[in-house]
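Analysis of the macromolecular model
Below, each chain spelled out in residue letters.
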Amino acid sequence: MATTLVSSAGGMLAMLNESHLSLKLHALSNLNNLVDTFWPEISTSVPLIESLYEDEEFDQHQRQLAALLVSKVFYYLGELNDSLSYALGAGPLFNVSEDSDYVHTLLAKAIDEYASLKTKAAESSESVTVDPRLEAIVERMLDKCIVDGKYQQAMGTAIECRRLDKLEEAITRSDNIQGTLSYCIYVSHSFVNLREYRQEVLRLLVKVYQKLPSPDYLSICQCLMFLDEPEGVASILEKLLRSENKDDALLAFQIAFDLVENEHQAFLLNVRDRLAPPKSQSSTSTQAKPNDIGSEQNATASGPDDVQMTEGDSASVVSVPEDPSETLYAERLTKIKGILSGETSIQLTLQFLYSHNKSDLLILKTIKQSVEMRNSVCHSATIYANAIMHAGTTVDTFLRENLDWLSRATNWAKFSATAGLGVIHRGHLQQGRSLMAPYLPQGGTGGGGSPYSEGGALYALGLIHANHGEGIKQFLRDSLRSTSVEVIQHGACLGLGLASLGTADEDIYEEIKNVLYTDSAVAGEAAGISMGLLMVGTGSDKANEMLTYAHETQHEKIIRGLALGIALTVYGREEEADTLIEQMTRDQDPILRYGGMYALALAYRGTANNKAIRQLLHFAVSDVSDDVRRTAVLALGFVLYSDPEQTPRIVSLLSESYNPHVRYGAALAVGISCAGTGLSEAISLLEPLTSDVVDFVRQGALIAMAMVMVQISEASDSRVGTFRRQLEKIILDKHEDTMSKMGAILASGILDAGGRNVTIRLLSKTKHDKITAVVGLAVFSQFWYWYPLIYFISLAFSPTAFIGLNYDLKSPKFEFLSHAKPSLFEYPKPTTVPTTTSAVKLPTAVLSTSAKAKARAKKAEEQKANAEISSESASVASGTGKGKSSSEKDGDAMQVDSPVDKKSEPEPSFEILTNPARVVPAQEKFIKFMQDSRYVPVKLAPSGFVLLKDLRPSEPEVLSLTDTPSSTTSAAGGSAAGLQSSASAMAVDEEPQPPQPFEYTS
Amino acid sequence: MTQDLEMKDRSTPSNSVSSAVPSTLQHLKEIASLIETGSYSKEVRRIARAVRLTIALRRKLTASVISSFLDYVLTTGSEAHAKLSAYIPKDEDHEMEVDAATSAIQTPAKHLLPEIEIYCYLLVLLFLIDQKRYNEAKACSSASIVLLKNLNRRTVDVIASRLYFYYSYSYELTGDLAEIRGNLLALHRIATLRHDELGQETLLNLLLRNYLHYNLYDQAEKLRSKAPRFEAHSNQQFCRYLFYLGKIRTIQLEYTDAKESLLQAARKAPVAARGFRIQCNKWAVIVRLLLGEIPERTVFMQRGMEKALRPYFELTNAVRIGDLELFRNIADKFATTFSTDRTHNLIVRLRHNVIRTGLRNISISYSRISLADVAKKLRLNSANPVADAESIVSKAIRDGAIDATLDHANGWMVSKETGDIYSTNEPQLAFNSRIAFCLNMHNEAVRALRFPPNTHKESAEKRRERQQQEQELAKHIAEEDDDEF
């Protein structure tokens, strides 16, 4: 059968028409050999061969041969579907293990086909019959993969084909089960789009994990959290806590911290409540333990005494059990409950932000001086900027220094000025109430407090306790109930929503609903948002109730508030939310359609779901309402934040739209999804928009740019410096529009947010969505309509810190390495004094004060530096190193003494950081732990809370970070000390007493 | 038939003016770096340019240059290096200084790109074909094809398509085309699976050529009609495709389509590809004659083609006059040319057209003419010329070639009045087709243009300018405001 001798298959084809069977068979078998060369010729006779395949007279083998031949011809013709169906008909003649392109292609096709069939079957829930032959082929392929040790391929295919049994087999039979499992988790998060199916996969993974001899509890708990199964987590934690081994306890703490990072309040509370109390406790404590929340609430409800009391209360619950192992357990239980309630991490974060605060007050001063007195928008923008800059640092120096100036804020401006304190003191759980006390509504006394500042104070309390509001809920409820002033109701609703974020508390819901039904525009708007906050991510029926009311009411404000609230309820529900989204996006009312955009954004947050993106893009170009279009584009930012590289590409065309609203939306979309990444494409896209012809586009672009560039140093991207100068120019420019000026002021606040120790992060390190952060940004983007909502951005701030903790949850002295040039990640240089003099146009009176302030600042700085040096030497002598890394301190000192010296030194290629340290996201990949260190991290995480294992427990431990914003007075530490702000924390003790809490004079 | 193969390889006559002193080797190194950047940045465009530059260097390739280039890019001990150097003769040692210079700067290539390796094969293959060492060329090309089959990278496609071409060419030169048909089919299949469209194009053409070489027109047509279609990538390959398509259609008597393809092929072919255009023109002329058209004289007077097209010119002349005698003479006279051109069987078909043209001339000249005269004018020297003439005329009338009636009783042919062609839609249609062609050409040219990215966006400088203007305007307005007070 030398093929070269034949120049045509015509003869064989003719033979097919013969009547004799054996002739046909001969022709078929020959053609089968020749098909590679003569398929163009044979293809004309395909119908004939097909009829042979269907011919009943033929025996099985011959029919299969005909099928194989037809399959090959179809393959050459590129008709893979037909080819596959005939190949299946060929039965055993289709040799799966043959190494030819034909077989490879058809196998790939078979797997695709099978996967799509299975998916269809799962989705439409009607039984789609899968060809058993197809199934057999796919199974054979999977088995072969597993036998050949290609586990990743097998797992990917199994997931794709919805064959969980095969997936399990692949995992259990692999040689590196831990590795494959973590790969599988990664795959299921990034490639499985359907929420339900993903849960199935994860459930399977947990099952496999639990069978392992040494399970990876960190991963299991992450899975369980995604599955929302607090019982499992609680039992794991309990097991670890009861263990004799100290390392297990450390691991439990680490798990708890990781869970807290995901900010799923309701889940955490559930876990906490399910932890079993120590067995042999005295009766009082057993009673107190499980009712932890209850007792705390009771405590707060019982009187206006400090919240700290409850903290002390729960801590003191640990009584004296007799059994030593139970004592141990009880002790650990207290710790872990502290962690799970979020208090520990919030407190540590607060300490960190306070002690590392590096905010630059000169920037604010410049803004303040350049802003016109009469311009209330810029005035309050400055207040917002101050709050954002100091978010969570408890440093309110600027406000205290400028009381006069501050008092110009009236009405709603006063509301937000007061609420700003909440941002500054965010997380100050113990002192929050007493801090805000002067502004809070005084029950009964009917004091002269303005309703605006009272409302603002309630909002501030909400911000302080955002997502951890157990202690304050009751108070806010009381305040809400006891007032009928709509401004106070507004503040109370927002505060209550924030404090009880996602808890779905029915009682609170009813109370807020009562406010809503008063049909007051101001209070109703806040009530709508608040209901959403309360029900966030529950996907409850309440959404329909809200939708009905939105149709009934006449007030646009209420409709808008409700629209956003409804959107919040479907947070993360993906397909489950489709009906509601459909209902909203088809509504007549543009405001509800606008809510529908938010619903799309939040339901599909961070999934990069194609369907959602398509829908949003459709609305972005086709809706009649500018608001809806703007929001649709903006919503893209939420859908895409898990994949920030995509966003600039997708919205790049929209950013050149003729419609300024669409351009604005594009800017914010990039800002949201690329927040904190400093992505080059994002910056390139935003750059032209910052000088757009329309003022509000400029505003949006400036804010978005600040969000993208937060914590990016000038050394890593020179455009950061350019942007800072641009902001300064806009702020100083007399002719600039108010809108863009406001944008610039806010942008400079965001750029230096949280004393420069926070970034905007929507994903936790384990790639879960940070619900608070996403919700915060979603509500923040509403500031278009309502400026006080700007403060919601503080929810999205997450501290960029490495905080190492020992068994006692204290941070020991521990050093690690950042393997990169320090200048890449350092704080921006403090603005120098000459920048203020550049504002020559200002009236002389202002100039003189600024000069004075300058002088004062200088003097204070020198003093402080000296104090610092002396205190440092003292501390070094006594052997207790304080918080900051020594190299950093040196740098500071040198700068004061002789700045020239520093420049001459060549920059080292690495930096030694001391726990707790600022580690910006870009820096994380350079972090290395030292080999010979005393402490070993339980989990090799470059940032966040990390439990440290002590290898030399016998030695005395040296703790760092001893200074805390312990009391109201010291925290408010005003005066000039904070001005230059470098390590203001160091000098706290030497400071004079600050002025008393202030009050508005108006 | 062989000239057309080389249509673009001859495109750059070697300019001996620029002395080879700035060193061919230097150029080769530049090309290699071009390929490297192209492969890293996944830009096929760069690699295509590298291949073009190589063709320009082709005349300057010498054994020593190639061997030192191989030393430069390939690791000396490697398998590829050993294989390829075996093809290069080592006897020329008059360019020692080049060798020495290169070995000094030779850097050990840590990681060899497959693109570079394939490129080396192409270079060596070019050299071997130019040196007429066809058997070695066959071995070399076969080795490269084996390598290519296992290489699935889109950046290799451009070089690969050239290699396919020379692979087929080297086998054609030794007359073993039939041997590689199966191989080419397999390669074509692989290219289809890998979505390598350039490769598909090239291989389809090679396959068509392969079939046509053995007069397997039927199989060629079947393959052509079954093979996947797509937008053409390479102009050269598209020209070739059109040419083969034209040939197939001519044989299958679809003259109108054939004419279109052949003319398009001739028009699209680059000016430098003279041989190819001559072939196209020869076939186009015959097809037009078969269609009953008479090609313009300018077709035969194109620069550089007069001599080659001479036989066809005379043939056309005979058909134009409708002189059967002359036609027969010419066919005999140039019989050898026609058979090497493989157009002989078509010329046989032409005889019929000659008669018909003659008849048309007669019908235009005479309003009424006897069949005997017709036979005489057509020089029908058969046994019964009048009966022959009668049948020929009746067939021509039925085919619509002439507008006349036969008067059988009197033995006359009566012509009808010929209308004025300018009163019909004919000129309009012709004009329309030309405009359509021009517009199409324009559109294609626009589509082929490459724009630098983001030119439509406002540049930073322009923005600054605009802002400055706005500021000035604002200042101006402010000043005016001040003046009012």
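Residues numbered from 1 in each chain as written. Chains lettered and ligands numbered in written order. Predicted model: local features only at pLDDT ≥ 70, side-chain atom pairs only at ≥ 80, totals over all residues. Heavy atoms only, no water.

Thoughts on the overall build of chain A
A count of helices and strands for chain A gives 51 helices and 9 strands. The buried share of chain A, taken over its 1002 residues, is 60%. By sequence separation, contacts in chain A at least 24 residues apart represent 74% of the contacts at least 6 residues apart. (Helix = DSSP H or I, 4+ residues; strand = E, 2+ residues; numbered from the N terminus. Buried < 20%, exposed > 50% of the residue type's maximum accessible area, 1.4 Å probe, protein only. Contact = heavy atoms within 4.5 Å.)

Regarding the overall build of chain B
The helix and strand tally for chain B stands at 23 helices and 3 strands. When each of the 485 residues of chain B is scored for burial, the buried share is 44%. Summarising the internal contacts of chain B: among those between residues at least 6 apart in sequence, 67% fall at separations of at least 24. Approximately 25,600 Å² of chain B is accessible, and the part contributed by carbon and sulfur atoms is 53%. (Areas by Shrake-Rupley, 256 points an atom, 1.4 Å probe, with all protein chains shown as cover.)

A word on the interface of chain B and chain A
The interface is formed by 19 residues belonging to chain B together with 24 residues belonging to chain A. For the pair chain B and chain A, the summed buried surface comes to about 1,900 Å²; carbon and sulfur atoms form 56% of the total. Summed over the three residues of chain B that lose the most area to chain A, namely R189(B), Q219(B) and K226(B), the buried surface amounts to 30% of that side. Summed over the shared surface of chain B and chain A, the number is 0 salt bridges. Where chain B meets chain A, there are 4 residue pairs in polar contact (both at pLDDT 80 or more). Elements with a contribution of two residues or more to the side of chain B that touches chain A: α9 (181-193), α11 (217-226) and α23 (460-484) of chain B. Looking at the side of chain B that touches chain A element by element, the count peaks at 6 residues for α23(B). Here the side of chain B that touches chain A is built from residues that sort into 7 nonpolar, 5 polar and 7 charged. (Buried area = accessible area lost by both parts, 1.4 Å probe. Salt bridge = Lys/Arg side-chain N within 4 Å of Asp/Glu carboxyl O. Polar contact = N/O pair within 3.5 Å; in protein donor to acceptor, adjacent residues only side chain to side chain. Nonpolar A, V, L, I, M, F, W, Y, C, P; charged D, E, K, R; others polar.)

Observations regarding the packing of helix α3 (residues 46-54) of chain A against helix α4 (residues 60-77) of chain A
Residues and elements named next belong to chain A. It is at 8 Å that the axes of α3 and α4 come closest, and there the two elements cross at 150°. Taken together, the axes of α3 and α4 are roughly antiparallel relative to one another. Here the hand of the crossing between α3 and α4 comes out left-handed. Residues V46, I49, E50, L52 and Y53 of α3 form the contact with α4, whose participating residues are R63, A66, A67, L69, V70, V73 and F74. (Axes fitted to C-alpha atoms, helices over the stretch in contact; angles between N-to-C directions. Parallel < 35°, antiparallel > 145°, perpendicular 65-115°, else oblique. Left-handed = near helix turned anticlockwise from the far one by under 90°.)

Notes on the packing of aromatic side chains
Residues and elements named next belong to chain A. All told, the structure shown has 39 aromatic pairs over all chains when counted by the stated rule. Taking the centre distance of 5.1 Å and the plane angle of 65° together, the rings of Y384 and Y791 count as edge-to-face. With a gap of 407 residues between them, Y384 in helix α22 (residues 376-389) and Y791 in the loop between α44 (771-780) and β2 (797-799) connect regions that are remote in the sequence. As far as burial versus exposure is concerned, Y384 and Y791 are alike and both buried. (Phe/Tyr/Trp six-rings, centres within 6.5 Å; stacked < 30°, edge-to-face > 60°.)

Focus on the side chain of S450(A)
Within the element layout of this structure, S450(A) appears in the loop between α26 (432-436) and α27 (451-464). Among the polar contacts listed, one links the side chain of S450(A) to the backbone nitrogen of Y452(A), at a separation of 2.9 Å.

Side note on the sheet that holds strand β9 (residues 944-950) of chain A
Residue and element names in this part refer to chain A. Taken in spatial order, the 4 strands make up an open sheet running β6-β3-β9-β8, and their pairing is mixed. This sheet does not close on itself; its edge strands, each paired only once, are β6 (917-918) and β8 (935-937). Direction of pairing for β8 relative to β9: antiparallel, over a ladder of 3 bridges. Counterpart to P937 in the pairing with β9 is L948. Docked against the sheet, helix α14 (residues 246-261) engages β3 (801-805) and β9, running at close to 175° with respect to β9. Of the strands in this sheet, β3, β6 and β9 are in contact with helix α20 (residues 343-355), which crosses β3 at around 125°. (Pairing = 2+ DSSP bridges.)

Things to note about the sheet that holds strand β7 (residues 927-929) of chain A
Residues and elements named next belong to chain A. In space, the 3 strands of this open sheet follow the order β5-β4-β7, with antiparallel pairing throughout. Only two strands of the sheet have a single neighbouring strand rather than two, namely β5 (911-914) and β7. The average angle at which neighbouring strand axes cross in this sheet is 40°, direction not considered. In terms of strand pairing, strand β4 (residues 815-818) meets β5 through 4 bridges, oriented antiparallel. Across the sheet, the residue bridging to S818 is E911, located in β5.

What to know about the pattern of salt bridges
Residues and elements named next belong to chain A. Going through the model one piece at a time under the given rule, you end up with 53 salt bridges over all chains. Across the pair E238 and R242 runs a salt bridge whose closest N-O atoms are separated by 3.6 Å. Taken together, the positions of E238 and R242, both in helix α13 (residues 230-242) and 4 residues apart, correspond to about one turn of that helix. Since its relative accessible area comes to 18%, E238 is described here as buried. Of the charged contacts, one joins D737 and R698 as a salt bridge, the two residues approaching to 2.9 Å between their closest N and O atoms.

A short note on unusual backbone geometry
Most peptide bonds adopt trans geometry, and most residues besides glycine take a negative phi value. Residues other than glycine seldom take positive phi values, yet E574(A) does so here, at roughly 45°. Examined against the element boundaries, E574(A) turns out to sit in the loop between α33 (556-569) and α34 (578-585). You can call E574(A) buried: its relative accessible area is 1%. Positive phi, normally seen in glycine, also occurs at N215(B), with a value near 60°. Residue placement: N215(B) occurs in the loop between α10 (197-213) and α11. Relative accessible area serves as the criterion here: at 46%, N215(B) is assigned to the partly exposed category.

Focus on helix α43 (residues 738-751) of chain A
All names here are of chain A. Between its first and last C-alpha atoms α43 spans 20 Å; for 14 residues at 1.5 Å apiece the expected length is 20 Å, and the two agree. Restricting attention to buried positions, one finds in α43 the residues S740, K741, M742, G743, A744, I745, L746, A747, S748, G749, I750 and L751. Considering only its buried residues, α43 is in contact with α21 (361-370), α22, α41 (695-709), α42 (719-732) and β1 (758-760). (Expected span 1.5 Å × (residues − 1).)

Focus: the nonpolar core
Nonpolar side chains tend toward joint burial in soluble globular proteins. Core analysis: the largest hydrophobic core is formed by 245 residues, its most contacted members being L167(A), Y459(A), I760(A), L777(A) and F792(A). Looking at which element gives the most residues to this core, the answer is α41(A), with 11 residues. Beyond its immediate chain neighbours, meaning those up to four positions away, L777(A) contacts F638(A), I672(A), M707(A), I760(A), L762(A), I793(A) and A796(A). In terms of nonpolar packing, the next biggest core, distinct from the first, is built from 184 residues, A67(A), Y169(B), F338(B) and L378(B) among them. (Core = buried A, V, L, I, M, F, W, Y, C linked by side-chain atoms within 4.5 Å.)

As for the pairing of strand β2 (residues 404-407) of chain B
The alternating pattern of β2(B) places A404(B) and L406(B) on a buried face, while none of T405(B) and D407(B), on the opposite face, is buried. Linking β2(B) back to strand β3 (residues 412-415) of chain B in an antiparallel pair, the connection comprises 4 residues, with G411(B) at a positive phi of about 70°.

Some words on the side chain of K542(A)
Residue and element names in this part refer to chain A. Relative to the helices and strands, K542 is located in helix α32 (residues 542-552). When its relative accessible area of 15% is taken as the criterion, K542 is described as buried. The residues contacting K542, other than those within four sequence positions of it, are E506, Y509 and M535.

Quick look at the packing of helix α2 (residues 21-42) of chain A against α3(A)
Residue and element names in this part refer to chain A. At their nearest, the axes of α2 and α3 sit 13 Å apart, and the two run at 145° to each other. For α2 against α3, the interelement crossing comes out left-handed. In this structure, α2 uses K24, L28 and I42 to contact α3, whose residues at the interface are V46, I49 and L52. For the contact of α2 with α3, the per-class residue count stands at 5 nonpolar, no polar and 1 charged.

Some words on helix α8 (residues 157-173) of chain B
Along its 17 residues, α8(B) runs 24 Å from first to last C-alpha, staying within 8% of the 24 Å computed at 1.5 Å per residue. The buried fraction of α8(B) is high, at 16 of 17 residues.

Description of a nonpolar patch on the surface
Taken together, the side chains of F431(B), I435(B) and L439(B) present a nonpolar region at the surface, about 310 Å² in accessible area. Note that L439(B) resides in helix α22 (residues 426-448). (Patch = residues over 30% accessible without salt bridge, like charges linked within 9 Å, V, L, I, M, F, W, Y side chains within 5 Å.)

As for the environment of I803(A)
Residues and elements named next belong to chain A. Relative to the helices and strands, I803 is located in strand β3. Along the sequence, I803 and S943 sit 140 residues apart, while their C-alpha atoms lie 7.1 Å from each other. Excluding residues that lie within four positions of it along the chain, I803 makes contacts with L348, F352, N915, P916, G944, F945 and V946.

Focus: the environment of A14(A)
If you trace the backbone, A14(A) turns up in helix α1 (residues 10-16). Along the sequence, A14(A) and A27(A) sit 13 residues apart, while their C-alpha atoms lie 8.6 Å from each other.

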